[in-house]
Amino acid sequence: MSTKVSDHILERLRAWGVEQVFGYPGDGINGLLAAWGRAENQPRFVQSRHEEMSAFEAVGYAKFSGRLGVCAATSGPGAIHLLNGLYDAKLDHVPVLAIVGQTNRTAMGGSYQQEVDLHTLYKDVASEFVETVTVPEQLPNVLDRAIRTAYARRCPTALIIPADVQELDYSPPTHAFKMVPSSLGMSEFTATPTDEALRRAADVLNSGEKVAMLVGQGAAGAVAEVREVAELLGAGVAKALLGKDVLSDELPYVTGPIGLLGSRPSYELMRDCDTLLTIGSSFPYTQFMPDFGKARAVQIDIDAHMIGMRYPYEVNLVGDAQATLRRLIPLLKAEGRSRKWQDTVCANVKRWHTTMERRAAVAADPINPEYVARALDPLLPDNAILTSDSGSVANWYARHITMRPGMRGSLSGTLATMGPGVPYAIGAKFAHPDRPVFALVGDGAMQMNGLAEMITAAKYRDLWSDPRLVVAVWNNQDLNQVTWEMRAMEGAPSFLPSQSIPDVQYAAFARSLGLTGIRVEKPEDVEAAWRAGLEADGPAVLEFLTDPAVPPIPPHASWEQMEATAASILKGDADRGSMIKQGLKAKVQEFLPGRAKQ
């Protein structure tokens, strides 16, 4: 039997080490689906409930494995549905390949059913590489280039394959004019700056007395080096949310997350420093960085396209974080450096942890959402993987989960889209079937797509050697993050027609799938529910009824405001809008003047 184009595509994916493809069927990829049958489902086709979930699962797989995530969808609506997840990959710099079908070549241009100009549609999201395969001889080159580009540029790429092309007999490119042969594989590569650039960076850092470091996911391969630099310079280290798992929160000088979802000590670190070193982060919110002109600054990033943004850096080092830091460290001077600054940072961190513990202990109606995350924190296994959805739950993930060595965590960082919490977790389980995974999800995101994707978790549970996938739902019947943004930025009460959502029986739905489902209505049952999820023999949904009146206080609120505001609201002796009266709006306006005046 002849080898079809579709057979060759799967063969080439296997040769690149692809083990699963997250997808949803449709007649635009019927040729590929038939090839999967002939290939005995190698690489494994993982069927989601929706193509957007396929893309999110590919992103989650790529984030937690460090390998290429692959998703597949049919022509027209299927290809369109992938877009949100692919944009998540683009903005968070994740290698993902999308393989999408298209109508037959003979029908293209004829307003045929499900005919969409996919090349134009994908040209932005897959701007680094998108190609339509029209003849077999284009393969394997375009597939190899799509994969190499995804890895090299840390981005999504796309192949569009018309349905009739999938069915053609495969013939490789020949040694002839206008043929483009290809080869497998690519070596690891490392970029480092020049000696002169490193010396200039060292001069800036050595001259600083109050050094702050900001690390993102680009520093993940340089943990030891980041620690050594922090200790040499007596620095405090803040983490962008995508870099939350880069450095252990148990280190006393790690101030935790930065930004509107960040910590008070991170805010103070940036406010008071005189020198800034940013490593592997494109953190976008300049209002949370030092005032322009106040701090001398150095940036390290492997992507020259992303460097020099956000802040007027004096030295921009283009290079791999680990390799660059290894060459920079011998140039840094620790002798004679006062430790007073780092001692102050450590004291602020300690005070922050105490404050967060107190906030989580405040009584609420019925359960304080901060306590739900706080109760999980000490129970997490050392090899746990966590995903967080967007919304107010991201505040609790950022502020109450202590990352320890070996733990991993991520969320939709730059796109901040709703809905990736559960599919990320499923992608993580395929990346690491031997590790427990926890998805922290708001009820809005769970209603948007998480409930349906629990069907996917139920379908594939037997493939995971560690069966634990714990999905926690903060059920407050409110689209809470936007509600608080309306109050803080617009001075408006909650607009119920847009913000109120139904009280869905999430745990009962899980039980209907044969999974563990627990509904928690009292704070005294929270810890037991977490323990039950950890002990479950498969996926579990833990549904916590939480109070929507607990405000996600921004980090630039004063210590007194952070400690007092929630207590005032939760005691019931103030109306639900009292947070605004106690100064949160003014504090937000201070840092977001443009938005506050609109």
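Summarised in this report is the structure supplied together with it. Bear in mind that the values here come from a model prediction, so they are computed numbers and not experimental data. (Residues numbered from 1 in each chain as written. Predicted model: local features only at pLDDT ≥ 70, side-chain atom pairs only at ≥ 80, totals over all residues. Heavy atoms only, no water.)

1. Here we look at the sheet that holds strand β2 (residues 44–47)
Thinking step 1. On the basis of which strands lie adjacent, the open sheet formed by six strands has the order β2-β1-β3-β4-β6-β5 and parallel pairing. The strands lining the two open edges of the sheet, one partner per strand, are β2 and β5 (130–132). Direction aside, the axes of adjacent strands within the sheet are offset by 20 degrees on average.
Thinking step 2. In this structure, strand β1 (residues 20–23) lies alongside strand β3 (residues 69–73), joined through two bridges in parallel fashion. When the bridges of β3 are listed, Phe 22 appears paired with Cys 71.
Thinking step 3. In this fold helix α3 (residues 51–65) packs onto β1, β3 and β4 (96–102), with an angle of close to 170 degrees to the strand it touches most, β3. (Pairing = 2+ DSSP bridges. Helix = DSSP H or I, 4+ residues; strand = E, 2+ residues; numbered from the N terminus. Axes fitted to C-alpha atoms, helices over the stretch in contact; angles between N-to-C directions. Contact = heavy atoms within 4.5 Å.)

2. Observations concerning the pattern of salt bridges
Thinking step 1. In total, this model carries 27 salt bridges according to the counting rule given.
Thinking step 2. Each of Asp 503, Arg 519, Glu 521 and Glu 543 takes part in a single network of salt bridges with overlapping partners. (Salt bridge = Lys/Arg side-chain N within 4 Å of Asp/Glu carboxyl O.)

3. Observations concerning the environment of His 556
Thinking step 1. Position of His 556 among the secondary structure elements: in the loop between β18 (540–545) and α22 (559–570).
Thinking step 2. What makes His 556 buried here is its relative accessible area of 2%. (Buried < 20%, exposed > 50% of the residue type's maximum accessible area, 1.4 Å probe, protein only.)

4. What about the pairing of strand β17 (residues 516–520)?
Thinking step 1. Pairing of β17 with β18, which is carried by five bridges, proceeds in the parallel orientation. Its bridge partner lying in β18, Ile 518 is registered against Leu 542.
Thinking step 2. For the segment spanning β17, helix α21 (residues 526–535) and β18, crossover handedness is right-handed. (Right-handed = clockwise from strand over helix to strand, strands pointing away.)

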